[in-house]
Amino acid sequence: MKTTITRHLLTALLLPFLVGPPPLRAQDVAPGSSQPLQPGDALQVSFSMEPELNGIYSVDESGRVNLPILGSRSVGTLPPAELKQQLVDEYDGQLRNQTVQITWLRRVRVFGAVNVPGLYHIDGTMTLADAIALAGGATPIGKYDGVKIIRGGEVVREDLPASTLVGEQIYSGDQIMVPERSWASRYAGVIIGATLSAVTLLLIATLD
């Protein structure tokens, strides 16, 4: 009887530490935003016949970008899909037998408990999970539950479960903060060790 009670006690004490955070689930990638490009965003341009012109061209503070061959263009008013088609048409009018690929890129900042915090350019198919992956993922003390999104100086999300990160859309200028795990979860090994020692002493006492 005493052994059964001790076993149940041990299970109850260890269970919270054996159940980890929910895993990331694969979901459909969120569609790209229709928000026009903002200063700090960029266009990635690739030429099939002139690779020396390939590059990432940033949008300046006035909403313009200096593109190869086309020169300076205003890009801060049109939705990205419409802007892309317009630029492709302009290139088609000036180039022959050459394919031009244009990808629009959002600039976001990832910080907190990630391995490589900093500014990143992400394309329109990428979601919150992708941005965190670009920053090297969460550190050993970081967690994917409760990621915070700051947009326009205001916190717009801070209760995101890990399972929704692959479906969360990102906007230009977003700041993404990955939180740290609680003290208890970070030092679970120490706590479990201390708990086992205590339970062992209790078991010895009950068996005597």
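Enquirer: How should the nonpolar core be read in this particular structure?
Expert: Side chains of nonpolar character tend, in soluble globular proteins, to be buried together. One finds Val108, Val110, Leu128, Ile132 and Ile176 to be the most contacted residues of the largest nonpolar core, which totals 21 residues. Those elements that place two or more of their residues in this core are strand S5 (100-112), strand S6 (118-123), helix H3 (128-134), strand S7 (147-151) and strand S9 (175-178). By residue number, the principal contributor to this core is H3, which donates 4 residues. When neighbours within four sequence positions are excluded, valine 108 is seen to be in contact with Gly118, Leu119, Tyr120, Ile122, Ala131, Ile170, Tyr171, Asp174 and Ile176. Grouped together as the second largest cluster of nonpolar side chains are 19 residues, Leu67, Leu78, Tyr91 and Val100 included.

Enquirer: In this structure, what is going on with the pattern of salt bridges? I would like to understand it.
Expert: Any two side chains of opposite charge can pair, on the condition that their charged atoms come close. Under the counting rule described, the total for this entry stands at 5 salt bridges. Residue arginine 151 is joined to aspartate 174 by a salt bridge in which the shortest nitrogen-to-oxygen separation is 2.8 Å. One end of the pair, arginine 151, is in strand S7; the other, aspartate 174, is in the loop between strand S8 (154-160) and S9, and 23 residues separate them in sequence. According to the relative accessible area criterion, arginine 151 is partly exposed, its value standing at 28%. Among the charged side chains, a network of salt bridges with common partners joins Arg157, Asp159 and Glu168.

Enquirer: Which parts of the structure should I look at to understand unusual backbone geometry?
Expert: The bulk of non-glycine residues show a negative phi, and the bulk of peptide bonds are trans. If you check the backbone angles, isoleucine 69 has positive phi at about 75° while not being a glycine. Checked against the element boundaries, isoleucine 69 lands in the loop between strand S3 (64-67) and strand S4 (71-74). Residue isoleucine 69 is classed as partly exposed on the basis of its relative accessible area of 40%. The residue asparagine 97 is not glycine, and still its phi comes out positive at about 55°.

Calculation rules
- Residues numbered from 1 in each chain as written.
- Predicted model: local features only at pLDDT ≥ 70, side-chain atom pairs only at ≥ 80, totals over all residues.
- Heavy atoms only, no water.
- Core = buried A, V, L, I, M, F, W, Y, C linked by side-chain atoms within 4.5 Å.
- Buried < 20%, exposed > 50% of the residue type's maximum accessible area, 1.4 Å probe, protein only.
- Helix = DSSP H or I, 4+ residues; strand = E, 2+ residues; numbered from the N terminus.
- Contact = heavy atoms within 4.5 Å.
- Salt bridge = Lys/Arg side-chain N within 4 Å of Asp/Glu carboxyl O.

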